[in-house]
Amino acid sequence: MADQYPVSPEGSIPPTALALRWEEPPEGPVLVLLDQTRLPAEEVDLVCTDVPALVEAIRSLAVRGAPLLGLAGAYGIALAAARGFDVDEAAESLAHARPTAVNLAYGVRRAAAAYHAAIRDDADEARAAAAALAEARALHREDAEASDRMAAHGRALLNELLPAGGHRILTHCNTGALVSGGEGTALAVVKAVHRAGQLRRLWVDETRPLLQGARLTAYEAARAGMAYTLLADNAAGSLFAAGEVDAVLIGADRIAADGSVANKVGSYPLAVLARYHHVPFVVVAPTTTVDPATPDGAGIEVEQRPGYEVTDITIPYAPIAGHEAGAGVPVAPLGTQARNPAFDVTPPELVTAIVTEHGVLSPVTADGVAELCARSRSGNGMMSI
């Protein structure tokens, strides 16, 4: 069950609201999500009291973004355990709520493993639930720390690739605090560049069909005081042709063992444009997004979303005369079939570098990805270009 409550931000341009938090009111623990489907018109909390509500929030994109989905999966297991629901059933439904983002299943596995380990050690249900919650909170801290390290590594990489400074960065989808326990992935790098006074312009792809760039990245950029400009996805080519892009920074939902990158649909065309125009194409993602069990890009399951997301335009929650807030307005003839992949896959040869919390991988090769995974498991060492 999920309930929605408005958030009352303070100040004229508040910082980005927390995307996810655990609370324990007298009636029982809940997972509180910032409903991202309602941004930027409204900041509304979605309060989940059970796993079915959380699964629906994940599928509807109220909560989204690879690292944050990992946190949602882990906290979902803690929620199921704390409220006395079947943890294995919760793990099954959560892990398959969205198929492409590997972080979701990773977070579920970690919290479920902590729960079952406690049970094997003869813990009662309350202590086992506490163990699951502790693991979710540990993952939350790790993600925030990883975000900080990725920002530092990414900024250093840009300074090396673009020593003249004054970076003009193009980004796609949303990769900031709304997808993370910290400041995000690719947008965390942009924020670090901005704070250093090195950001000349952030180009924000609108990211059709659900407009995560227009609604969410612009929302975060405005609150950070960045110089940003929104553009239609199909206008990116003209920017490259005019020499207005110095680097492309994107996130990732899954990185295969060979370095193929699945990210929001529209990322692959940007990689092709970047290669043709000799512009660095950089992927920023934590090592939890790397999936060594998926051998290559062809093995990545790409989520297919409903066609109405393409055939209809959703009216924002801000009031518009003559239209119901949140309703879809058809923009294609009735009965039109639509293809709506949520992601596309960029091959490793088009990726200049992958930035992780353990450093920068460049060139992107299967051997480099394997070494990155080994260093991640050992918890020491850095990759470098």
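Below you will find a few notes about this structure. (Residues numbered from 1 in each chain as written. Predicted model: local features only at pLDDT ≥ 70, side-chain atom pairs only at ≥ 80, totals over all residues. Heavy atoms only, no water.)

Observations concerning unusual backbone geometry
Note on backbone geometry: most residues besides glycine have negative phi, and most peptide bonds are trans.
Part 1: The step from Leu 39 to Pro 40 runs through a cis peptide bond, and the omega angle for that step is 5°.
Part 2: Non-glycine residue Leu 61 carries a positive phi angle of around 70°.
Part 3: Within the secondary structure, Leu 61 is located in the loop between helix H1 (51-59) and helix H2 (66-82).
Part 4: By relative accessible area, which is 7% here, Leu 61 ends up buried. (Helix = DSSP H or I, 4+ residues; strand = E, 2+ residues; numbered from the N terminus. Buried < 20%, exposed > 50% of the residue type's maximum accessible area, 1.4 Å probe, protein only.)

Description of helix H3 (residues 87-95)
Part 1: The set of residues buried in H3 consists of Val 87, Ala 90, Ala 91 and Leu 94. Each buried residue of H3 sits inside an arc of 100° when the element is viewed along its axis, so together they form one side. Exposed positions of H3 whose direction lies more than 90 degrees from the buried face are Glu 89 and Glu 92.
Part 2: Against H1, H2 and helix H4 (102-120) lie the buried residues of H3.
Part 3: Among the residues of H3, the N-terminal cap falls to Asp 86, whose side-chain oxygen and the backbone nitrogen of Asp 88 are separated by 3.0 Å. (Arc of directions from axis to C-beta. Contact = heavy atoms within 4.5 Å. Polar contact = N/O pair within 3.5 Å; in protein donor to acceptor, adjacent residues only side chain to side chain.)

Structural notes on the sheet that holds strand S10 (residues 261-264)
Part 1: With respect to topology, four strands assemble into an open sheet ordered S12-S9-S10-S15, the strand pairing being mixed. Edge strands, defined here as strands with exactly one partner in the open sheet, are strand S12 (290-291) and strand S15 (343-346).
Part 2: Pairing of S10 with S15, which is carried by four bridges, proceeds in the antiparallel orientation. Looking at the pairing, Val 261 lines up with Thr 346 of S15.
Part 3: Contacts between helix H9 (residues 267-276) and the sheet are confined to S10 and S15, with S15 contributing the most and set at about 30° to the helix. (Pairing = 2+ DSSP bridges. Axes fitted to C-alpha atoms, helices over the stretch in contact; angles between N-to-C directions.)

None of this, on its own, says anything about what the molecule does.
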